[in-house]
Structures are given as structure tokens and as C-alpha cells.
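Results of the structural survey
Chain by chain, the residues run as shown.
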Amino acid sequence: MNDYIIRATAANDQIRAFAAVTTEMVETAREHHNTSPVATAALGRLLTAGAMMGSMMKGEKDVLTLQIKAGGPLQGITVTADSQGNVKGYVGNPDVCIPANSKGKLDVAGAVGPGFLTVIKDMGLKEPYVGQIPLVSGNIAEDITAYYTVSEQIPTVCALGIVFNEDATIKAAGGYMLQLVPPVLDSSVKVIEDNLQHMESITGMLEKGLKPEELAVSALEGLGGEILDQWEAVYYCDCSRERTEQILISLGKKELQKLVDEGEETEVCCHFCNKKYRFSTAEISNLLKEQK
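Here's what I pulled together on the structure shown here. Remember, predicted model here, so these are calculated numbers, not experimental data.

**Focus: the environment of Ala-17**
Checked against the element boundaries, Ala-17 lands in strand 2 (residues 15-21). Considered as a pair, Ala-17 and Glu-213 are 196 residues apart in the sequence and their alpha carbons are 9.9 Å apart. Aside from chain neighbours lying at most four places away, what touches Ala-17 is Ile-6, Arg-7, Ala-8, Met-177, Leu-178 and Leu-220.

Written as C-alpha cells, this is what we have:
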């Protein structure tokens, strides 16, 4: 198993933790979208967060969607994940290129810009759960932390990191999330705070090749942490020609007729994997006939 997520608990179930290594997932996304380094960093962080957040859902058909709509040159990010570790996503402008920030690092916050993070959980109920907060930094990890604290009232710590090779491919990617489950003893909070203060940065730990369980153990040291389970995390797009046909049908008879009248091949590109589906005029005409 290469990329995977672990779930852990500590302090007599007062603390739950998730940790993931997502190197191949982020590299697959970079290859699909041919993203610039700063776009890769932004998308990779949200993909990693989505993988961990999706794993918190219980139903096999539950779907989580993370949307960042903001005013920066990246033009937003969309990520979807299920409860089995399947994740996909895209950015509005994969070619974005801006100067480094004041620390000489990729300016993810500058690329994202001011805006909102929306979390949509479709759990098979009549209406999906929707939570939204203004972005607090645009650096993704801080925004995920703020979302849980504000929208779900769950004290959370989120750390996300991407490490690049010299050729801008992905050397390592991953992150962890810690959540406090009330009632939480002040002594447990103090241990967590001390651990975080003395821990190496997430990028530093990933660059050293630490595994998800090692990331979790570092954060939960002294709290009796226990790894409960683990499962694979993968970039997976479930688009298909059949699904694309349904999208075309949803356009309605008027739009389908317009495509037929134009007499040219129709091409539909999947946002998540950039796979292209082509339909001849005759095929569009057949879809139109099925609607009559």
C-alpha cells in the first residue's frame, strides 16, 4: 500500500486523529491537470484534506465536496471524496504563476485569494449538509481548522504539506488532523499543545519519509494513542461515456437540437481528469430522439 490514511484515537477517546500520505494522489492530479507548482500545492493540500475528511463519513455512498471560491488568480478549487479514500479535484486556473511569498516559498494564499470555503456532505438524506466560512488565510490547512471550529464546533488541528522534486514533480505529500471530542481534560489539551510545539513541520516530516502512523504517533505522544485502522487513498475519477451522455441529456431538448443543427462533433471534457468524450452529430441526434 503506497498512499494510505490511518485513523487513531487517544486519551480514552477524547482525541481522534487522521493522518495520510498522499504522494501518488497529488502527483496523479498534477499529471492530469498539468498544474503549475503553486496550483499543485493548493490542489494537493485540499485533496489531502478531502481524503481525511471523506474518511470520517460512514456510509459507502456518502460524498464530500470541498469548494473554494475566491478572488485570486487560481480561480477556485473543487475536490470531492468518498468514505473509501477515493478523491478527485481540479483548479480553475492550472497555469497560475505568481512570485514567491515573503518567506521565499510558494504563495498559495496569494494564488487562492480572499473568498469562501464551502463543505457539502451528501449522506443520502433529503438535503445535503452545507457549511460555509470565509477563508481565514487561503493556506488551506488553517481554513480547514477554522471550518471545523466555526461550522461544526469541533476543536481541530490540521497540517498539510507538499514537497517537490527539482523537476516540480511530487516527492512527498500528506498531512494530519487532530480533533477533540468533549469532554476533554485540560491536561490532554496541554500535552497536544506541547507536542505540536516541539514537532517538526509537516513538510519536514514528509520529506523524511514518515508514514501516516508515525505522523499520528508524533502528535499523540504521551496520550496512549492507538491506531484503529487504515485504508488506501487514491486519485480516482469515475467519469464514463454513459455518465457524459446523461450530462448531455440534462441540457434539454433545445440545447441538444442546437448541437445537431451545428452539424459538428461535440466534445465534452471531464473537469476532474481531463478525459475527453466525443459525440458525432448522429449520436447527439439519437440522444435527442430518446427524449421525445
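**What about the pairing of strand 3 (residues 63-70)?**
Taken together, the six bridges between strand 3 and strand 4 (residues 77-82) define a ladder with antiparallel strand orientation. Of the residues in strand 4, the one forming a bridge with Val-63 is Asp-82. With antiparallel pairing between neighbouring strands as the criterion, strand 3 and strand 4 make up a hairpin whose turn holds six residues, including Gln-75 at a positive phi of roughly 60°. Where strand 3 meets strand 6 (residues 115-122), eight bridges bridge the pair, whose relative direction is antiparallel.

**A word on the packing of aromatic side chains**
Taken as a whole, this structure holds two aromatic pairs when the rule is applied. Arranged with centres 5.1 Å apart and planes meeting at 75°, the rings of Tyr-90 and Phe-272 form a pair that is edge-to-face. Residue Tyr-90 is located in strand 5 (residues 86-91), and its partner Phe-272 is located in the loop between strand 12 (266-269) and strand 13 (276-279); the two are separated by 182 residues in the primary sequence. Here the aromatic rings of Tyr-147 and Tyr-148 are separated by 5.1 Å at their centres, their planes lie at 65°, and the arrangement is edge-to-face.

**Topic: the packing of helix 9 (residues 253-262) against helix 10 (residues 281-290)**
The interhelical angle for the contact between helix 9 and helix 10, taken along N-to-C directions, is 155°, at an axis separation of 9 Å. Classified by the angle their axes make, helix 9 and helix 10 are roughly antiparallel. Crossing hand, helix 9 versus helix 10: left-handed. Together, Lys-253, Leu-256, Gln-257, Leu-259 and Val-260 of helix 9 and Thr-281, Ile-284, Ser-285, Leu-287 and Leu-288 of helix 10 make up the contact between the two elements. Split by residue class, the contact of helix 9 with helix 10 holds six nonpolar, three polar and one charged.

**Some thoughts on the nonpolar core**
Ranked by size, the top nonpolar core spans 52 residues in total, and within it Met-53, Leu-74, Ile-77, Val-112, Ile-140 and Ile-144 carry the most contacts. In terms of residues, this core owes the most to one element, helix 2 (residues 37-54), which gives eleven residues. The residues contacting Ile-144, other than those within four sequence positions of it, are Leu-46, Ala-49, Met-53, Leu-117, Cys-158 and Met-177. Counting 25 residues, the second largest nonpolar core, distinct from the first, contains Ala-11, Tyr-176, Leu-178 and Ile-202.

**Quick word on the sheet that holds strand 9 (residues 170-180)**
Read from one edge of the open sheet, five strands run 8-9-2-1-10, paired in antiparallel fashion. The sheet is open, and its two edges are formed by strand 8 (156-164) and strand 10 (226-232), each paired on a single side. Across the sheet, the mean angle separating the axes of adjacent strands is 10° when strand polarity is ignored. The pairing of strand 1 (residues 4-10) with strand 10 spans six bridges and is antiparallel. Bridged to Thr-9 within strand 10 is Glu-226. Sheet strands touched by helix 4 (residues 141-151): strand 8 and strand 9. Its angle to strand 8, the strand with the most contacts, is close to 160°.

Conventions and cut-offs
- Residues numbered from 1 in each chain as written.
- Predicted model: local features only at pLDDT ≥ 70, side-chain atom pairs only at ≥ 80, totals over all residues.
- Heavy atoms only, no water.
- Helix = DSSP H or I, 4+ residues; strand = E, 2+ residues; numbered from the N terminus.
- Contact = heavy atoms within 4.5 Å.
- Pairing = 2+ DSSP bridges.
- Phe/Tyr/Trp six-rings, centres within 6.5 Å; stacked < 30°, edge-to-face > 60°.
- Axes fitted to C-alpha atoms, helices over the stretch in contact; angles between N-to-C directions.
- Parallel < 35°, antiparallel > 145°, perpendicular 65-115°, else oblique.
- Left-handed = near helix turned anticlockwise from the far one by under 90°.
- Nonpolar A, V, L, I, M, F, W, Y, C, P; charged D, E, K, R; others polar.
- Core = buried A, V, L, I, M, F, W, Y, C linked by side-chain atoms within 4.5 Å.
- Buried < 20%, exposed > 50% of the residue type's maximum accessible area, 1.4 Å probe, protein only.

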